[in-house]
Amino acid sequence: MSNLETVAQRVLTPLILDEPGTIALEDQAAIATWVQKTALTAMLLSSKEQRENGYGLAPSEYRALYERRELVQPLDFSQFWVGRFEGVKGFSAVRVTPLTVRIPDFPEPPLPQGYAMTIVLGALLLHGVRFTTPGLQADTKTEVGMPQLWPSETSVMWPAGQTCTEKSLLALADGGTLRATGGEVRLQPWSHAAHLPQSAFENGAIKVPALCGKHDIYYPAALLQEAHQGRFYAFMTSCECSAYLIHTDSDRVRFRAAGEPEGIAAMFADLVGDEFLIEDQIGEFACKRLPA
C-alpha cells in the first residue's frame, strides 16, 4: 500500500494547492484505491460494537481491500468522482456515510447496504460510493457534475464540474447528490445514523441521543443559542459505549467521529479554532469555535 501514498502525493499535491492539472488514466485506479483506503482507515475509530450495529464498516471490507493490494484497484461495485472545494484555507476532512438502497414499497433494511466516502484536502474534493450487498449495486451519478474518476476510460481534467462549498459539502457527504441512473432505485443515508431522534432541553442542558442508541449525551444550551446566531462549535463528549467528536450546526448537532477517547481527543486537538471553556449546570465544558 505504500505505493499508493507515492502516487497520491505525486498526482494530488498540485490539485490540493488549487493548481489545474490532469489525472492520467494509468493513475486513476491507484487514486481511487487510495481514497477507499483512507476512508476505511478513518473508520477504524468506530468500535467493534458500532461496526456490528452498522455504524462503522465491516471487517470484511478491510480484508477484501487487503487481498487486492497487488491488483491496486478499489473494491468491486465502487465508483469515484473528483471535484473542487472552495472554503477555509487548509481545510481537510474525511467523512463516511452509510447508505441504503431504497426500492419503492419496501421498508428500509435493518443495516446499510453501502457507503459514501468524501475526502477534502485543500482545494481537492474526492467522493465515492461502494455497494456492499451483492445484487443491490447500481450505476450512479452525482448531481453536481463532477467528472468520474473510476471506472473511467479517459484522463480527467481538474477542476471540472460544480465547485463544492462549505454550505453544500454536508449534503454531498451525506450522499445527497448521488442518484441511481436506472429504474426506481434510490440511495439514501441510513436513517439510524443520519436521522437521530430529536434533542431535548433538560436541566439547563441540551440532551441528544448518542450514536449507540443506548445512552444520551449533553451539551450547554449556550451552544444552541450561539448556533442560532450563526456561530458554530466543536466539542468532544462520551457515553458508556464510545467517545464522540461533535459539531454544532444551524439545525442540529452532527456526530463527526466516534471511537476511543484518545483518538477523539487527538482529532479535537487538531481542529483549527479558538478554544473556550463554558461553565454551567453540567460543569466545565471545553469547545472550539469553528472558522466562519
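Conventions and cut-offs
Residues numbered from 1 in each chain as written. Predicted model: local features only at pLDDT ≥ 70, side-chain atom pairs only at ≥ 80, totals over all residues. Heavy atoms only, no water. Helix = DSSP H or I, 4+ residues; strand = E, 2+ residues; numbered from the N terminus. Rg over C-alpha atoms; globule rule 2.2 N^0.38 Å. Buried < 20%, exposed > 50% of the residue type's maximum accessible area, 1.4 Å probe, protein only. Contact = heavy atoms within 4.5 Å. Phe/Tyr/Trp six-rings, centres within 6.5 Å; stacked < 30°, edge-to-face > 60°. Lys NZ or Arg CZ within 6 Å of the ring centre and 35° of its normal. Pairing = 2+ DSSP bridges. Axes fitted to C-alpha atoms, helices over the stretch in contact; angles between N-to-C directions. Domains from an automatic or database assignment. Salt bridge = Lys/Arg side-chain N within 4 Å of Asp/Glu carboxyl O.

## What to know about the overall build of the chain
Each helix and strand counted, the chain has eight helices and 19 strands in total. In terms of C-alpha radius of gyration, the chain reaches 19 Å, essentially the compact-globule figure of 19 Å for 292 residues. In the chain, buried positions account for 46% of the 292 residues. Of the contacts formed within the chain by residues at least 6 apart in sequence, a portion of 61% connects residues at least 24 apart.

## A short note on the packing of aromatic side chains
In the structure shown here, the tally under the stated rule is four aromatic pairs. Seen from their ring centres, Tyr244 and Phe255 are 5.2 Å apart, and the 85° between their planes marks the pair as edge-to-face. In this pair, Tyr244 is assigned in strand β16 (residues 243-248) and Phe255 in strand β17 (residues 253-259), connecting sequence segments 11 residues apart. Each member of the pair, Tyr244 as well as Phe255, carries the same accessibility label: buried. Site record: aromatic cluster; members linked through ring pairs are Tyr219, Phe235 and Phe285. Above the face of the Tyr66 ring, Arg69 is positioned so that its terminal group lies 3.9 Å from the ring centre. Across the ring face of Phe268, the terminal group of Lys288 is positioned such that the distance to the ring centre comes to 5.2 Å.

## Quick notes on the sheet that holds β16
One open sheet accounts for five strands, arranged β17-β16-β15-β19-β18; its pairing is antiparallel. Pairing within the sheet leaves two strands with one partner each, and these edge strands are β17 and β18 (274-280). Sheet twist, expressed as the average angle between the axes of neighbouring strands with direction ignored, equals 30°. Summarising the sheet, strand β15 (residues 233-238) and β16 pair through five bridges and their orientation is antiparallel. If you follow Met236 over to β16, its bridge partner there is Leu245. Here helix α7 (residues 221-228) sits on the sheet and contacts β15, β16, β18 and β19 (283-289); the angle it forms with β15, its principal contact strand, is near 155°.

## Comments concerning the domain arrangement of the chain
Per the domain assignment, the segments of the chain are domain 1 (3-193) and domain 2 (200-289). Each of domain 1 and domain 2 has a C-alpha centre, and these two points are 27 Å apart.

## Comments concerning the environment of Leu172
As for its placement among the helices and strands, Leu172 is situated in helix α5 (residues 166-173). Residue Leu172 is classed as buried on the basis of its relative accessible area, which comes to 2%. Distance from Leu172 to Thr142, taken between C-alpha atoms, is 8.8 Å for residues 30 residues apart in sequence. Not counting the four nearest positions on each side in its chain, Leu172 is found in contact with Thr118, Leu125, His127, Val144, Met146 and Thr177.

## What about the sheet that holds strand β12 (residues 200-202)?
Taking strand neighbours across the sheet as the criterion, the three strands line up as β12-β13-β14 in an open arrangement whose pairing is antiparallel. Of all strands in the sheet, those with a lone pairing partner are β12 and β14 (216-220), marking the two edges. On average, each strand axis in the sheet is tilted by 40° relative to the strand beside it, whichever way the strands run. Here strand β13 (residues 205-209) pairs with β14 via five bridges, running antiparallel. Considered in β14, the bridge of Pro209 is made with Asp216. In the packing of α7 onto the sheet, the strands contacted are β12, β13 and β14, and the crossing angle to β14 comes to about 65°.

## Focus on the pattern of salt bridges
If you walk through the whole model with that rule in mind, you get 12 salt bridges. A salt bridge links Arg95 to Asp174; the nearest nitrogen and oxygen atoms lie 2.7 Å apart. Remark: Asp174 occurs in the loop between α5 and β10 (178-180) and Arg95 occurs in strand β3 (residues 92-102); sequence separation between them is 79 residues. Exposure class is identical for Arg95 and Asp174. Each is buried.

## Some thoughts on unusual backbone geometry
Along the chain, Trp150 connects to Pro151 via a cis peptide bond; the corresponding omega equals -10°. By secondary structure assignment, the location of Pro151 is in the loop between β7 (148-150) and β8 (156-158). Residue Pro159 follows Trp158 across a cis peptide bond; omega there is 0°. Along the polypeptide, Pro159 turns up in the loop between β8 and β9 (164-165). Backbone geometry at Asp18 places phi at a positive 70°, although glycine is not the residue there. For Val72, which is not glycine, the phi torsion reads 55° and is therefore positive. In this structure, Val72 sits in the loop between α4 (59-67) and β2 (78-86).

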